[in-house]
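One letter stands for each residue in the lines below.
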Amino acid sequence: MVLAQLGGSIAAALARMGKATVVDDKVLAECLNEISRALLQADVRFETVRDVKANIKATANLDALPAGTDKRRVIQKAVVGELCRMLDPGKPAFTPTKGKPSVVMFVGLQGSGKTTTCTKYADYYRRKGFNPALVCADTFRAGAFDQLKQNSSKAKIPFYGSYTESDPAKIAVEGVDTFRKEKCDLIIVDTSGRHKQEAALFEEMRQVSEATKPNLVIFVMDGSIGQAAFDQAQAFKHSASVGAVIVTKMDGHARGGGALSAVAATKSPVIFIGTGEHIPDFEVFDVKPFVSRLLG
Ligand code: GDP
């Protein structure tokens, strides 16, 4: 995964700085240039990289340190702190509570991995002792219901959908009501995606959202789109009161850093990342441990 390379490059820059006989402004500048190069290579936006660099310099504030301070540690802490800040919008997302019915609606473009991610999310909470269920409110794409049905059967999660009903809001409400009666505590509504962000898609999202009153709307985004993630996340955020993001396809491509930092720039917390096509290929995204692990 290219993110591991990013971590490796930043860790190497810090290690090189650590070996300098005297840590001064010049050594710090070299270290910051290396870190900036690594971030740009991982497709992080130029403006973000420029801010990260300036903030690390300001936080470390070498000139103001009393004699005898371990400057290496100060710089290391400043780097870790700044990477965390880059990825953390500082707003925690809604999390479901066991035994209390919650509705979570998934939105995203077709092909982003939305349907796969619905099942991964359901499976994650089932393992935590929840009683989840899946509702297919995608009447736009032929085969959407079959796909959800197949995925949920494989994961042994109850599902609801229709081959004949064409109103997504109606199916969504029926599904949510059915599972509320069955005492499911996490009802996941998969909505339609289209190829592009278009008015009809956003209108449909609004209708399903109004009909089901979700506790949380999760925007699913393909991580391989890199910096374009910023505009896409922004557009969905404005149209559907997105409360959290899941970035998929973080396995084996070049642009994960770009997607993660771009999403964070829209002030939406990333809660999980998808790391493969199978149900267990799913990781909680928690900024601090992620950054620590990234740096090795
Ligand atoms: P939807 O159209 O948004 O519902 O997307 P799907 O769930 O049908 O997924 C589209 C394709 O992406 C499928 O081939 C999935 O197997 C694949 N996919 C989904 N999530 C991931 C992921 O995290 N990593 C990889 N490599 N593939 C994924």
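As the structure is a computational prediction, the values presented were derived from the model and not from experiment.

About the criteria used
- Residues numbered from 1 in each chain as written.
- Predicted model: local features only at pLDDT ≥ 70, side-chain atom pairs only at ≥ 80, totals over all residues.
- Heavy atoms only, no water.
- 1 Å grid on protein atoms, 1.4 Å probe; cavity = no way out; pocket = protein on both sides within 12 Å on 5 of 7 lines; lining within 4 Å.
- Points joined across faces, edges and corners; volume = space filled by probe spheres on them.
- Helix = DSSP H or I, 4+ residues; strand = E, 2+ residues; numbered from the N terminus.
- Nonpolar A, V, L, I, M, F, W, Y, C, P; charged D, E, K, R; others polar.
- Core = buried A, V, L, I, M, F, W, Y, C linked by side-chain atoms within 4.5 Å.
- Buried < 20%, exposed > 50% of the residue type's maximum accessible area, 1.4 Å probe, protein only.
- Contact = heavy atoms within 4.5 Å.
- Pairing = 2+ DSSP bridges.
- Near = heavy atom within 4 Å.
- Polar contact = N/O pair within 3.5 Å; in protein donor to acceptor, adjacent residues only side chain to side chain.
- Salt bridge = Lys/Arg side-chain N within 4 Å of Asp/Glu carboxyl O.
- UniProt positions renumbered as here; feature names shortened; annotations may be inferred.
- Lys, Arg positive; Asp, Glu negative; His and termini not counted.

Student: Provide a residue-level description of empty space enclosed by the protein, including the pertinent values.
Tutor: Scanning the entire structure with this criterion turns up 2 cavities of 30 Å³ or more. Counted as a void, the largest cavity has a volume near 60 Å³. Lining the largest cavity, in full, are Leu-3, Leu-6, Leu-83, Met-86, Leu-87, Gly-257, Leu-260, Phe-290 and Leu-294. Of all the elements in the fold, those that place two or more residues in the lining of the largest cavity are helix 1 (2-19), helix 4 (71-87), helix 10 (256-265) and helix 11 (287-294). The dominant element in the lining of the largest cavity, judged by the number of residues it contributes, is helix 4, at 3 residues. Partitioned by chemical class, the residues of the lining of the largest cavity number 8 nonpolar, 1 polar and no charged.

Student: Describe the nonpolar core, and please don't skip the residues or the numbers.
Tutor: Counting 71 residues, the largest nonpolar core has Ile-10, Leu-39, Ile-75, Phe-236, Val-247 and Leu-260 as its most contacted members. Sequence-distant contacts of Ile-75, that is, excluding residues within four places in its chain, are made with Leu-14, Met-17, Val-23, Leu-28, Ala-60 and Leu-62. If you look at the next biggest cluster of nonpolar residues, it comprises 25 residues, including Tyr-121, Ala-155, Ala-244 and Ile-246.

Student: Could you give me a rundown of the pairing of strand 2 (residues 132-137), with the residues and numbers involved?
Tutor: Here strand 2 lies mainly inside the structure; 6 of its 6 residues are buried. With 6 bridges connecting them, strand 2 and strand 4 (residues 186-191) associate as parallel partners. Considered in strand 4, the bridge of Cys-136 is made with Asp-190. The sheet contact formed by strand 2 and strand 3 (residues 159-160) spans 2 bridges and is parallel. Within strand 3, the residue paired with Leu-134 across the bridge is Phe-159.

Student: Please set out the site of the ligand residue by residue, giving values where relevant.
Tutor: The environment of the ligand is made up of 16 residues, and the closest members are Gly-111, Lys-114, Thr-116, Gln-147 and Asp-251. Between the ligand and Thr-115, the relevant distance is 2.8 Å, taken from an oxygen atom to a side-chain nitrogen or oxygen of the residue. In this structure, an oxygen atom belonging to the ligand sits 3.2 Å away from a main-chain N or O atom of Gly-276. It is helix 5 (residues 114-127) that contributes the most residues to the shell around the ligand, 4 residues altogether. Residue composition of the shell around the ligand, by class: 1 nonpolar, 10 polar and 5 charged.

Student: How would you summarise the layout of surface pockets if you had to cite specific residues and measurements?
Tutor: Estimates place the volume of the largest pocket at around 430 Å³. Lining the largest pocket are 23 residues; nearest its centre among them are Ala-93, Val-270, Ile-271, Phe-285 and Asp-286. Residue assignment for the lining of the largest pocket shows that the elements contributing at least two residues are helix 4, helix 5, strand 7 (270-274) and helix 11. One number sums up the size of the second largest pocket: a volume of about 270 Å³. If you go around the second largest pocket, you meet 15 residues; those closest to its centre are Thr-48, Arg-85, Met-86, Ala-265 and Lys-267. Elements represented by at least two residues in the lining of the second largest pocket include exactly helix 3 (46-60), helix 4 and helix 10. Here the lining of the second largest pocket is composed, by residue class, of 5 nonpolar, 3 polar and 7 charged.

Student: Can you explain the pattern of salt bridges? Please cite residues and give values.
Tutor: Per the stated rule, a full pass over the model turns up 12 salt bridges. The salt bridge involving Lys-249 is made with Asp-222; its shortest N-O contact spans 3.5 Å. Separated by 27 residues along the polypeptide, Lys-249 in the loop between strand 6 (244-248) and helix 10 and Asp-222 in strand 5 (residues 216-222) bring together distant segments of the chain. The exposure class of Lys-249 is partly exposed, given its relative accessible area of 33%. A relative accessible area of 16% means that Asp-222 is categorised as buried.

Student: Give me the lowdown on the UniProt feature "domain: SRP54-type proteins GTP-binding" (unreviewed entry) in the protein, citing residues and values where you can.
Tutor: Taken from the UniProt record, the annotation "domain: SRP54-type proteins GTP-binding" (unreviewed entry) applies to residues 269-282. Annotated as residues 269-282, this span is 0% helix and 43% strand, and its ends, taken at the C-alpha atoms, are 16 Å apart.

Student: I'd like a description of the side chain of Asp-185, backed by residues and values.
Tutor: Structurally, Asp-185 can be placed in the loop between helix 7 (168-181) and strand 4. Buried charge without a salt bridge: Asp-185, with Lys-98 as the nearest opposite-charge side chain at an N-O distance of 7.6 Å. In this structure the side chain of Asp-185 is engaged in a polar contact, spanning 2.9 Å, whose partner is the backbone nitrogen of Gly-99. Looking at Asp-185, its side chain comes within polar contact range of the main-chain nitrogen of Asn-131, at 2.7 Å. Asp-185 has contacts with Thr-97, Lys-98, Gly-99, Lys-100, Pro-101, Ser-102, Phe-130, Asn-131 and Pro-132, leaving out every residue within four places of it along the chain.

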